[in-house]
Amino acid sequence: FNMLANTTQFKTFSSDVQVVGAAVLALVAGMEDFKETGLQILAKQGIIAPKEGEWYPGQSYLDAYREIAKTIGSYRLTRIGRKVPDHALWPPHIDSIEKALASIDVAYHMNHRGGEVGHYRFKRTGERSCTMECDNPYPCPFDTGLIEATANKFAPPRTLVAVRHESDDRQPCRQKGGERCIYYISW
């Protein structure tokens, strides 16, 4: 399956969207042993020597994600998503999985500016379960890693978190041209 074909991913909703440097540095951290490659990919998109407090063009940032997906693969996008909770700006007073997942949208908007950027919509479905609806331009593997790492960061010790991303013909995901993805989270 080609995650780059017929997709609503990798394209900002507005050409004015910007992303903060702390989030860009999460991409570099997610490249792990390939940080230099990550910096080269960002530089190719015009993001040179990213700094925490600076702002960068959102489309250039998403173009870097597209390049990583194309040249390295979707697993690396998941690894980058897992680094975001440790690098991006985060709202204060988060002390549970529910609060953490519900605050992803707030954190997302703290790290983006300049127009419509999409959303992460949290919905509790049970005592230890919820859904996250994502209608943003980031790739599915990235969001899977982000949701998983956010839940794990705030989970009580020895808690197993499961994140499932499903798509069908009634509700195609963004990789398949849909407008949103739904993730099922349990712990």
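Note that this is a predicted model, so its numbers are computed, not measured.

Thoughts on the overall build of the protein chain
Tallying secondary structure elements over the protein chain gives 7 helices and 7 strands in all. Each helix and strand of the protein chain, ordered N terminal to C terminal, gives the series β-α-α-β-α-α-α-α-β-β-β-α-β-β. In terms of overall dimensions, the protein chain is globule-like: its C-alpha atoms have a radius of gyration of 16 Å, near the 16 Å expected for 187 residues. The dimensions of the protein chain, computed from C-alpha atoms along their principal axes, are 45 × 40 × 35 Å. Out of the 187 residues belonging to the protein chain, those deemed buried represent 50%. Residue pairs in contact within the protein chain that sit at least 24 positions apart in sequence constitute 66% of those at least 6 positions apart. As presented, the protein chain carries roughly 9,200 Å² of accessible surface, and 49% of it is formed by carbon and sulfur atoms. Between the averaged position of the 23 positive side-chain charges in the protein chain and that of its 22 negative side-chain charges there is a distance of 3 Å.

A look at the pattern of salt bridges
Within this structure, the stated rule accounts for 10 salt bridges. Between lysine 44 and glutamate 67 there is a salt bridge, and its shortest N-O distance comes to 3.5 Å. Taken together, the residues span a long stretch of sequence, with lysine 44 in helix α2 (residues 35–44) and glutamate 67 in helix α3 (residues 58–71) at a distance of 23 residues. Taking the relative accessible area as the measure of exposure, lysine 44 reaches 59% and is therefore exposed.

A word on the sheet that holds strand β6 (residues 162–166)
An order of β4-β5-β7-β6 is seen for the 4 strands of this open sheet, with the pairing classed as antiparallel. A single partner strand is all that each edge strand has here, and the edge strands are β4 (119–126) and β6. Taking each pair of neighbouring strands and ignoring which way they run, the sheet shows an average axis angle of 20°. Examined bridge by bridge, β6 and strand β7 (residues 181–186) share 5 bridges and lie antiparallel to one another.

Quick look at the sheet that holds strand β3 (residues 112–113)
Overall, antiparallel pairing links the 3 strands, which are arranged β2-β1-β3 in an open sheet. The open sheet has two edge strands with one neighbour each: β2 (55–57) and β3. One ladder, built from 2 bridges, connects strand β1 (residues 18–20) with β3; its direction is antiparallel. If you follow glutamine 18 over to β3, its bridge partner there is arginine 113.

Considering the environment of leucine 42
By the element assignment, leucine 42 lies in helix α2. The exposure class assigned to leucine 42 is buried, which follows from its relative accessible area of 0%. Put simply, leucine 42 and tyrosine 61 are 19 residues apart on the chain and 7.1 Å apart in space, counted from C-alpha to C-alpha. Aside from chain neighbours lying at most four places away, what touches leucine 42 is Val24, Leu27, Val28, Ile47, Pro50, Tyr61 and Ala64.

Parameters at a glance
Residues numbered from 1 in each chain as written. Predicted model: local features only at pLDDT ≥ 70, side-chain atom pairs only at ≥ 80, totals over all residues. Heavy atoms only, no water. Helix = DSSP H or I, 4+ residues; strand = E, 2+ residues; numbered from the N terminus. Rg over C-alpha atoms; globule rule 2.2 N^0.38 Å. Buried < 20%, exposed > 50% of the residue type's maximum accessible area, 1.4 Å probe, protein only. Contact = heavy atoms within 4.5 Å. Areas by Shrake-Rupley, 256 points an atom, 1.4 Å probe, with all protein chains shown as cover. Lys, Arg positive; Asp, Glu negative; His and termini not counted. Charge placed at Lys NZ, Arg CZ, Asp CG, Glu CD. Salt bridge = Lys/Arg side-chain N within 4 Å of Asp/Glu carboxyl O. Pairing = 2+ DSSP bridges. Axes fitted to C-alpha atoms, helices over the stretch in contact; angles between N-to-C directions.

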